[in-house]
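Notes for the structure review
Now for the letters of each chain:
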Amino acid sequence: MIEYEDIAAALQRERGDAVVVTAMTQTKFWKEASDRPELDIPTNNSMGKASSVGFGIALGAPDRKVIVQDGDGSLIMNLGSLITVAGKSPKNFYHVVFDNGVYAITGGQPIANSGAIDWPAIALGSGYKAAYSFEDTEELATELPRIMSEDGPILIRVQVKPVITTNLGVIQTWESNAVMPAQMRSVKAELAAS
Ligand SMILES: Cc1ncc(C[n+]2csc(CCOP(=O)(O)OP(=O)(O)O)c2C)c(N)n1
């Protein structure tokens, strides 16, 4: 099992000027690791939609890499997005699935069939170009540079040690709901300027 901090560090080393879209627990750890917050979009207030948001950006900015940091529970809610992504096959789309086996931020409820879901098989069966699975920090850090130089869409499943805390919040306030649109405007301005 890999720790959130180690995945965030490995992704940060490879992100370059990629747009990074995060879901749930990843948002907290990525916020601490990211050196380009103006290119980050958290989607905590729209569960399941990280892949769809990232897909739209990947189509609109085909020369810019997009890294989606999805949750297993979130992706299960929007599994059809894998097929939609594969239908357009964006070369710049890298889909990291954080497999912690639980719905962590709502208290750690187990995910149906967790431990037996073959994420790479689902991605390849949907039409992704490639798919990988990592359970070891060193292996992830070693392989990631090569994977990120390949054409997408690629799914990278990482087995991550759950961090169960309910204070990471999908707190529905005006303030929290405003974060995602504000970050979308930020990314739009960055892409327009490049
Ligand atoms: C449609 C909908 N159903 C349920 C929720 C409540 N909810 C918010 S986060 C979450 C768990 C997310 O699980 P996962 O994507 O695996 O991320 P983790 O919390 O494990 O980081 C749930 C069930 C929601 N926000 N929207």
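Up top you'll find the structure we're talking about.
Residues numbered from 1 in each chain as written. Predicted model: local features only at pLDDT ≥ 70, side-chain atom pairs only at ≥ 80, totals over all residues.

When helices and strands are counted, the protein chain shows eight helices and eight strands. A compact globule built from 194 residues should have a C-alpha radius of gyration of about 16 Å, and the protein chain, at 15 Å, falls within 12% of that. Along the longest, intermediate and shortest principal axes, the C-alpha atoms of the protein chain span 45 × 40 × 30 Å. Going through the 194 residues of the protein chain one by one, you find that 41% of them count as buried. (Helix = DSSP H or I, 4+ residues; strand = E, 2+ residues; numbered from the N terminus. Rg over C-alpha atoms; globule rule 2.2 N^0.38 Å. Buried ≥ 20, exposed ≤ 12 C-beta atoms within 10 Å, placed from the backbone.)

Around the ligand lies a shell of 15 residues, among which T25, G71, G73, S74 and A104 are the nearest. Elements supplying a minimum of two residues to the shell around the ligand: α2 (24-33), α4 (72-77) and β5 (102-103). By residue number, the principal contributor to the shell around the ligand is α4, which donates three residues. Within the shell around the ligand, the residues separate by chemical class into eight nonpolar, six polar and one charged. (Near = placed C-beta within 6 Å. Nonpolar A, V, L, I, M, F, W, Y, C, P; charged D, E, K, R; others polar.)

Moving on: the nonpolar core. Core analysis: the biggest nonpolar cluster contains 50 residues, and I7, V66, V96 and V158 have the highest contact counts within it. Residues within four places of I7 in sequence aside, it is in contact with I2, L140, V158 and V160. (Core = buried A, V, L, I, M, F, W, Y, C linked by C-beta atoms within 7 Å. Contact = placed C-beta atoms within 7 Å.)

Judged by how many residues are buried, strand β3 (residues 66-71) sits mostly within the fold: six of six residues are covered. Every second residue of β3 is oriented toward a common face, with V66, V68 and D70 on one face and I67, Q69 and G71 on the other, all of them buried. Pairing between strand β1 (residues 19-22) and β3: four bridges, direction parallel. When the bridges of β3 are listed, V21 appears paired with V68. When β3 meets strand β4 (residues 93-99), the two strands line up parallel, connected through six bridges. Bridging across to β4, Q69 finds its partner in V96. (Pairing = 2+ DSSP bridges.)

A word on the environment of I76. Take I76: it is sitting in helix α4. Look at I76 and you get partly exposed, because 17 C-beta atoms sit within 10 Å. With 35 residues separating them along the chain, I76 and I111 place their C-alpha atoms 9.2 Å apart.

Once that is clear, we can look at the environment of L59. Of note, L59 is situated in helix α3 (residues 50-60). Separated by 31 residues in the primary sequence, L59 and P90 place their C-alpha atoms 6.6 Å from one another. Excluding residues within four positions of it along the chain, L59 makes contact with K88 and P90.

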